[in-house]
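Here's the letter readout for the chains.
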Amino acid sequence: MFQNRRLKLTSQLDEIDEQRKERREYIARLEASQNQKANLIPQTEELLASYDHMTNTERNELLKVILEKIDYYKGADGEIVIDLYPRLPKI
C-alpha cells in the first residue's frame with residue numbers, strides 16, 4: 001500500500017514539475033513580448049524621423065520592415081482610404 005501511494009505521489013509531483021516548467025517558459029515568452037512591444041514604438045519613431053532624408057529605395061525597405069501590408073481603396077467620390085497593418089511581435 002505504501003508503494004502504491006508513493007508511486008502515485010511521485011507521479012503527481014512529476015506532473016506538477018512539468019506544469020511549472022511550462023508556465024515559466026510561457027512567462028518568459030510573455031516578458032520577451034512585452035519588451036519587444038515597449039521597444040517597438042521608439043524604434044519606429046526613430047525610423048520615421050529620418051524618413052524625409054531617405055531615398056525611395058530606403059523608404060520602401062523601411063516600410064517593409066514596419067508594415068505587414070497596406071490596403072487602399074478609392075471610393076466612388078474619389079476619396080482614398082488607406083488601411084495600415086503594422087508588424088507586431090507574436091506572443
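*Asks:* Lay out the confidence of the model for the chain in plain terms, naming residues and giving numbers.
*Replies:* Where the model shows low pLDDT, its predicted coordinates should not be examined in detail. Chain-level pLDDT for the chain is 86 on average; 97% of the residues reach the 70-or-more range. Across the chain, element-level confidence peaks in strand 1 (residues 67-74) with a mean pLDDT of 90 and bottoms out in helix 2 (residues 56-66) with 85.

*Asks:* So what about a nonpolar patch on the surface? Which residues, and what values?
*Replies:* Together, Ile70, Tyr72, Ile80, Ile82 and Leu84 make up an exposed nonpolar region whose accessible area comes to about 560 Å². Among the elements of the structure, strand 1 and strand 2 (80-86) are those that each provide at least two residues to the nonpolar patch. The biggest single contributor to the nonpolar patch is strand 2, with three residues. On the secondary structure map, Leu84 appears in strand 2. For Leu84, a relative accessible area of 52% puts it in the exposed group.

*Asks:* How would you explain the pattern of salt bridges if you had to name every residue and give the values?
*Replies:* Applying the stated criterion to the full structure yields two salt bridges. Residue Glu61 is joined to Lys64 by a salt bridge in which the shortest nitrogen-to-oxygen separation is 4.0 Å. Of this pair, Glu61 and Lys64 both sit in helix 2, separated by three residues, roughly a single helical turn. In this structure Glu61 comes out as partly exposed when scored by relative accessible area, which is 44%.

*Asks:* Can you break down the environment of Ser33 residue by residue, with the values?
*Replies:* Positionally, Ser33 belongs in helix 1 (residues 2-49). The class of Ser33 is buried, set by a relative accessible area of 3%. In this structure, the C-alpha to C-alpha distance between Ser33 and Arg23, residues ten residues apart in sequence, is 15 Å.

*Asks:* Tell me what's going on with the packing of aromatic side chains, and back it up with residues and numbers.
*Replies:* Inspection of the entire model under this criterion finds zero aromatic pairs. For the cation-ring pair, Arg59 lies above Tyr51, with the distance from its terminal atom to the ring centre recorded as 4.7 Å.

Conventions adopted
- Residues numbered from 1 in each chain as written.
- Predicted model: local features only at pLDDT ≥ 70, side-chain atom pairs only at ≥ 80, totals over all residues.
- Heavy atoms only, no water.
- pLDDT = per-residue confidence, 0-100.
- Helix = DSSP H or I, 4+ residues; strand = E, 2+ residues; numbered from the N terminus.
- Patch = residues over 30% accessible without salt bridge, like charges linked within 9 Å, V, L, I, M, F, W, Y side chains within 5 Å.
- Areas by Shrake-Rupley, 256 points an atom, 1.4 Å probe, with all protein chains shown as cover.
- Salt bridge = Lys/Arg side-chain N within 4 Å of Asp/Glu carboxyl O.
- Buried < 20%, exposed > 50% of the residue type's maximum accessible area, 1.4 Å probe, protein only.
- Phe/Tyr/Trp six-rings, centres within 6.5 Å; stacked < 30°, edge-to-face > 60°.
- Lys NZ or Arg CZ within 6 Å of the ring centre and 35° of its normal.

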